[in-house]
Amino acid sequence: MTGRGQASAGDLLELVRTGRATTRGALQQVTGMSRATVGQRLERLFRAGWLREGAGGPVDSPLGGRPSITLEFDDAHAVVLAADLDTRHARAAVLTLTGEILAEHSGTLVVEDGPDTVLGELGGWFAELLVKAGHGAEEVCGIGLAVPGPVDSETGLVVQPPIMPGWDGYDIRGRLARAFAERTGPPGTVPVLVDNDANLMAYGEQRTGHRDCSAFVLVKVSTGIGAGVVVDGSIFRGVDGGAGDIGHIRIPEGAESLCRCGSYGCLAAVASGGAVARRLAEAGVRAASGSDVRDLLASGHPEAAALAREAGRLVGDVLATVVTLLNPGVLMIAGDLAGTPFLTGVRELLYQRALPRSTARLDVVTSTLGERAGLVGAGALVVEHLYAPERVEERLLALGV
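Reading the values: the criteria
- Residues numbered from 1 in each chain as written.
- Predicted model: local features only at pLDDT ≥ 70, side-chain atom pairs only at ≥ 80, totals over all residues.
- Heavy atoms only, no water.
- Phe/Tyr/Trp six-rings, centres within 6.5 Å; stacked < 30°, edge-to-face > 60°.
- Helix = DSSP H or I, 4+ residues; strand = E, 2+ residues; numbered from the N terminus.
- Buried < 20%, exposed > 50% of the residue type's maximum accessible area, 1.4 Å probe, protein only.
- Pairing = 2+ DSSP bridges.
- Contact = heavy atoms within 4.5 Å.
- Axes fitted to C-alpha atoms, helices over the stretch in contact; angles between N-to-C directions.
- Salt bridge = Lys/Arg side-chain N within 4 Å of Asp/Glu carboxyl O.
- pLDDT = per-residue confidence, 0-100.
- Expected span 1.5 Å × (residues − 1).
- Bend = angle between axes of the 7 residues up to and from the residue.
- Parallel < 35°, antiparallel > 145°, perpendicular 65-115°, else oblique.
- Left-handed = near helix turned anticlockwise from the far one by under 90°.
- Nonpolar A, V, L, I, M, F, W, Y, C, P; charged D, E, K, R; others polar.

**A look at the packing of aromatic side chains**
Piece 1. Per the counting criterion, the structure on display carries 2 aromatic pairs.
Piece 2. Taking the centre distance of 5.4 Å and the plane angle of 75 degrees together, the rings of Trp50 and Tyr387 count as edge-to-face. Here Trp50, found in the loop between helix H3 (35–48) and strand E1 (51–56), pairs with Tyr387, found in the loop between helix H13 (373–386) and helix H14 (389–399); they are 337 residues apart in sequence, far enough to count as distant.
Piece 3. The exposure class of Trp50 is buried, given its relative accessible area of 2%.
Piece 4. We classify Tyr387 as buried; its relative accessible area is 0%.
Piece 5. An angle of 75 degrees between the planes, with centres 5.2 Å apart, marks the rings of Phe73 and Tyr387 as edge-to-face. Here Phe73 is found in strand E2 (residues 69–73), whereas its partner Tyr387 is found in the loop between H13 and H14, with 314 residues between them in sequence.

Dropping the structure here:
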């Protein structure tokens, strides 16, 4: 907020959305603005369809009187599209502005087929999902996309992704917007936001179940290994989107193992779902990917469990440094290997190598949202971007209100 008496319509919407002020009187008190000024700015939000009146709240005055009318963010005025790409599989959904999934689809999409093909297919998925959810393309306010590689958040470009050949520097935003328009013919260009999958999984999980955690870390262990970090409610990305890429930390146990990035000794080369699948295949067990390992673990396969526990110990050794550096309150394990054997291995090395001071208030848990975490995070990213106070002003002016 720009200061008492200077709050914009976007600032007022932010106060209502976050629950910090949900009546006209509370908005006056927080902003220091007059009743008339608050009313004028709220009127713009009502005309845009972004606010609605709710039930009566508590009486503002100790002398009694009528209960004040509460104000609510109207999450029914638009919907968000979201998709989460893995290396050979994808999931897409239509969500409300508060994160409820209205329609969902998952299926095979191979990132090695290239961005033009994959994003074109996603455009078709989105069109079908809107029909299923009973919404029109004109109701879509934005699209969020999670990808398994580092992303420059300023440009939306994937930067040197080890497991996404052909995607480096590709205009994902533009292609996905065109793919959606080709299938639905919307009147204008829909904004597209792109981020790393672990980042968006962390964002979705933190906002859904750990809002009070000021330092939150999620580690996704699937085809590769990556971490998402949320600090004070915001994704920490580093200077160009490379934060959390722990799968390419070199470890002695992997010195002779070639990683998909082209280097030897990376953590992902020996402890990812793909690495465990390779070791199982070498032992005569049918496994070609992290999802195969997940299925074997679910069925109680003893060799898969033993290798997953070993992989967990290797990851736990690296996470001891991560925990010491960031001092998180929650460390969440997600992805194909996120089960009891892997978690047991993580705990063994993490608590052995990290100082007790770093782990005294640490909760080590598994994912709550499961395969939907990336979708929820991608949807939340779009909403937080489009309804940020400075962007609200731009959008209200574009709407002519």
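**Observations concerning the sheet that holds strand E11 (residues 225–231)**
Piece 1. With mixed pairing, 5 strands are arranged side by side in an open sheet as E12-E11-E10-E13-E14. With one partner strand each, in any of the chains shown, strand E12 (234–235) and strand E14 (363–366) form the two edges of the open sheet.
Piece 2. Sheet topology note: the strand E13 (residues 330–334)/E14 ladder contains 4 bridges and is parallel. The partner of Ile333 across the bridge, within E14, is Thr366.
Piece 3. Each of strand E10 (215–221), E11, E12 and E13 is contacted by helix H6 (residues 197–209), which is oriented at about 45 degrees to E11, the strand it contacts most.
Piece 4. Along the sheet, helix H11 (residues 340–353) makes contact with E10, E13 and E14, crossing E14 at roughly 165 degrees.

**Considering the pattern of salt bridges**
Piece 1. Under the definition given, this model contains 24 salt bridges.
Piece 2. One salt bridge connects Asp295 with Arg294, and the closest N-O pair in it is separated by 3.8 Å.
Piece 3. When salt bridges that share partners are traced, they join Arg91, Glu104, Arg294, Asp295, Asp336, Glu371 and Arg372 into one network.

**Here's the deal with the confidence of the model for the protein chain**
Piece 1. Of the residues in the protein chain, 95% have a pLDDT of 70 or more, and the chain-wide mean is 93.
Piece 2. Highest mean pLDDT in the protein chain belongs to strand E3 (residues 79–85) (98); lowest belongs to E1 (84).

**Considering helix H10 (residues 302–326)**
Piece 1. Between its first and last C-alpha, H10 extends 34 Å over 25 residues, near the 36 Å set by a 1.5 Å rise per residue.
Piece 2. At Val318, H10 shows its largest kink, close to 30 degrees.
Piece 3. Backbone geometry just downstream of H10 places Asn327 in the positive-phi region, at approximately 50 degrees.

**A short note on the packing of helix H8 (residues 273–282) against H10**
Axis angle and axis distance: for two packed helices, these are the angle between their axes and the distance between the axes, and together they describe the pair.
Piece 1. It is the contact of H8 with H10, at a shortest axis distance of 10 Å, that shows an interaxial angle of 140 degrees. In this view, H8 runs oblique relative to H10, as classed from their interaxial angle. Crossing geometry of H8 relative to H10 is assigned as right-handed. For the pair H8 and H10, the contacting residues are Val276, Arg279 and Leu280 in the first and Glu303, Ala304, Leu307, Glu310 and Ala311 in the second.
Piece 2. For the contact of H8 with H10, the residue count by class is 5 nonpolar, no polar and 3 charged.

**So, the environment of Gly377**
Piece 1. Relative to the elements of secondary structure, Gly377 occurs in helix H13.
Piece 2. Along the primary structure Gly377 and Leu297 are separated by 80 residues, whereas in three dimensions their C-alpha atoms are 26 Å apart.
Piece 3. Apart from the residues within four sequence positions on either side, Gly377 is in contact with Leu200, Tyr203 and Gly204.

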